[in-house]
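Architecture and fold: a report
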Amino acid sequence: MNNSDTDKDVVYSETIDFGDKNKAKEDVEEENRVIRGTLTRLEEESAVLREMFHSTSVELNNLKKPALLVADVVTCRSDKAIVRLPNGNKFYSYIHTEVKDLRPGDSVLIDQKSLNVVEKIDMGLSFDVEKFVILDKPKESWKEIGGLKKEIEEVKEVIELPLQKPELFEKVGIHPPKGVLLYGPPGTGKTLLAKAVANSTGATFIEVVGSELVQKFIGEGAKLVKDIFTLARTKAPTIVFIDEIDAVASVRMDNGTSGEREVNRTFMQLLAEIDGFKHLDNVKIIAATNRPDILDQAIIRPGRLDRLIEVGLPDEEERMEILKVHTERMNLQKVKLKELVAMMDGFSGAEIKAVCTEAGYCAIREERESVTHDDFIKAIDEVKIEEEEDMKGFFG
Ligand code: ATP
């Protein structure tokens, strides 16, 4: 067989099937798409893992670092400062070059080993003051106050008007007081007045209790006062209500004890803060006390809390108004309010409120839905007995 025969035998009968080729191409493309998708997902996963790794190693490094001490700056020179730790120890420390504009009273972080100042802490963060005061937008309105007409007018004039229309004072050219002192027996509505004016002016209400400032926060009172006013400025318009101001601002014999010095420091800081803001700033102070007789006159000097408003026990007419406020939503049955008011001679607003609550309880105990005149009479007796027991407890 020669070559030409062989060539003849081989028959190239390949038929090109385009349908199969297209299918194969589509399959490959599909596979490609899947691979690309997987790749993108893997890349994303890897980025997430890298990020996790990074934050874990940062966290790990942070955990290995020794904690820094918090201290207060007492005095400072160009690159050195005297700092005081909370335990009272003082150190003369170097200030890190990156720490700028240090002033006495600032809070700083210091390195445990070298005791050098490494960071200044922002005032807002230095003391978590919001945890220690009541910060609120009160809901109490003028309508919820019975009686106290004159007192309400005065508070409106001294606190509400300057906050709402400062331009009026600028035009007339007078300085409204920076704050007021409300004084009178317990439960007569001093806090209520302060809350109502905060509500009517839309101001933030910061409530501080004087005795807590000096008892709970030993060593921190002055700092807390400073921080409260910084907070007040950031939340302005603000009403700072200081209840039991006498605990901080009473005349006392300087017996040289550390507790005494601490109260004095707190008081001095309070005066410095009051002096530090202007008459038309939108921060107002309302202080309250049951003991105006023991107050240090420095707090009520002109330019400070120089408007004194007495909030006394309600007379008969005022007791009626207070009783109406507190019985407004009660389901009463044949209750002679006038008769009750006459029986509550010498009661404060808080005691009148207590009578209403107690009368309500009498009805609930007997599974009634309405409160009767008798319930009120029992409640009045109850409140009188409680008051007498309190007095006995007080005077032995
Ligand atoms: P303290 O000196 O003990 O702090 P306070 O003078 O600040 O007392 P408030 O706390 O304002 O008294 O009053 C206690 C409660 O008594 C108030 O929440 C309110 O329900 C009631 N109350 C007092 N006075 C009045 C009033 N004039 N009208 C209506 N309610 C009153």
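The paragraphs below set out a description of the structure included in this document.

Reading the values: the criteria
Residues numbered from 1 in each chain as written. Predicted model: local features only at pLDDT ≥ 70, side-chain atom pairs only at ≥ 80, totals over all residues. Heavy atoms only, no water. Helix = DSSP H or I, 4+ residues; strand = E, 2+ residues; numbered from the N terminus. Buried < 20%, exposed > 50% of the residue type's maximum accessible area, 1.4 Å probe, protein only. Contact = heavy atoms within 4.5 Å. Areas by Shrake-Rupley, 256 points an atom, 1.4 Å probe, with all protein chains shown as cover. Polar contact = N/O pair within 3.5 Å; in protein donor to acceptor, adjacent residues only side chain to side chain. Pairing = 2+ DSSP bridges. Axes fitted to C-alpha atoms, helices over the stretch in contact; angles between N-to-C directions. Patch = residues over 30% accessible without salt bridge, like charges linked within 9 Å, V, L, I, M, F, W, Y side chains within 5 Å. Salt bridge = Lys/Arg side-chain N within 4 Å of Asp/Glu carboxyl O. Lys, Arg positive; Asp, Glu negative; His and termini not counted. Charge placed at Lys NZ, Arg CZ, Asp CG, Glu CD. Near = heavy atom within 4 Å. Left-handed = near helix turned anticlockwise from the far one by under 90°. Nonpolar A, V, L, I, M, F, W, Y, C, P; charged D, E, K, R; others polar. Phe/Tyr/Trp six-rings, centres within 6.5 Å; stacked < 30°, edge-to-face > 60°.

Brief notes about the overall build of the protein chain
- Scanning the protein chain from N- to C-terminus turns up 13 helices and 13 strands.
- Counting every position in the protein chain, which comprises 396 residues, the buried fraction comes to 37%.
- Summarising the internal contacts of the protein chain: among those between residues at least 6 apart in sequence, 71% fall at separations of at least 24.
- Accessible surface, the protein chain: about 24500 Å² in total, of which carbon and sulfur atoms supply 53%.

Quick word on the side chain of Thr238
- Of note, Thr238 is situated in strand β9 (residues 238-243).
- Owing to a relative accessible area of 0%, Thr238 belongs among the buried residues under this scheme.
- Side-chain polar atoms of Thr238 contact the backbone oxygen of Ala232, separated by 2.7 Å.

Side note on the sheet that holds strand β3 (residues 90-94)
- Here we have five strands laid out as an open sheet, ordered β3-β2-β1-β4-β5, and antiparallel in their pairing. Sheet topology places β3 and β5 (117-120) at the edges, where each strand pairs with a single neighbour. Across this sheet, the average inter-strand angle for adjacent strands is 45°, counted without regard to direction.

Quick notes on a negative patch on the surface
- The grouping of Asp381, Glu382, Glu386, Glu387, Glu388, Glu389 and Asp390 at the surface amounts to a negative patch.
- For Glu386, the position within the fold is in helix α13 (residues 373-395).

Observations concerning the site of the ligand
- Around the ligand sit 18 residues, and of these Gly146, Gly187, Lys190, Thr191 and His326 come closest.
- Thr188 is positioned such that a nitrogen or oxygen atom in its backbone is 3.1 Å from an oxygen atom of the ligand.
- Measuring from an oxygen atom of the ligand, one finds a side-chain N or O atom of Thr191 at 2.5 Å.
- The protein chains hide 80% of the 630 Å² of surface that the ligand would expose on its own.
- At the level of secondary structure, the elements contributing two or more residues to the shell around the ligand comprise α6 (190-201), α10 (316-327) and α12 (349-365).

Some details on the packing of helix α4 (residues 149-164) against α6
- Taken N-terminus to C-terminus, the directions of α4 and α6 make an angle of 35°; their axes are 10 Å apart at the nearest point. Judged by the sense of rotation from one axis to the other, the crossing of α4 with α6 is right-handed. Contacts between α4 and α6 pair Glu151, Ile152, Val155, Ile159, Glu160, Leu163 and Gln164 from the former with Leu193, Val197, Ser200 and Thr201 from the latter.
- Looking at side-chain class alone, the contact of α4 with α6 contains six nonpolar, three polar and two charged residues.

Describing the environment of Val209
- Considering the arrangement of structural elements, one finds Val209 in strand β8 (residues 204-209).
- Along the sequence, Val209 and Asp243 sit 34 residues apart, while their C-alpha atoms lie 4.8 Å from each other.
- When sequence neighbours within four positions are dropped, the list of residues in contact with Val209 reads Asp243 and Glu244.

Examining the pattern of salt bridges
- By the definition in use, this model includes 15 salt bridges.
- For the salt bridge of Arg41 with Glu45, the shortest nitrogen-to-oxygen distance reads 3.7 Å. Here Arg41 and its partner Glu45 are both found in helix α2 (residues 18-64), four residues apart, which amounts to about one turn of the helix.
- Exposure remark for Glu45: the relative accessible area of 41% places this residue in the partly exposed category.
- One salt bridge connects Asp375 with Arg368, and the closest N-O pair in it is separated by 2.9 Å.
- Judged by relative accessible area, which is 1%, Asp375 ranks as buried.
- Its relative accessible area of 25% is what places Arg368 among the partly exposed residues.

Quick look at the packing of aromatic side chains
- Summed over all chains, the structure comprises one aromatic pair.
- Ring centres 5.8 Å apart and planes at 20° place the aromatic pair Phe205 and Phe241 in the stacked group. With Phe205 in strand β8 and Phe241 in strand β9, the pair connects residues that are 36 residues apart, well separated along the chain.

Points about the sheet that holds strand β7 (residues 179-183)
- Strands sit in the order β6-β8-β9-β10-β7-β11 across an open sheet of six strands; the sheet is mixed. Every interior strand has two partners, whereas the edge strands, β6 (134-136) and β11 (307-310), have only one. Averaged over neighbouring strand pairs, the angle between their axes works out to 20° when direction is ignored.
- Sheet contacts for α4: β7, β9, β10 (283-289) and β11; angle to β11, the most-contacted strand, approximately 145°.

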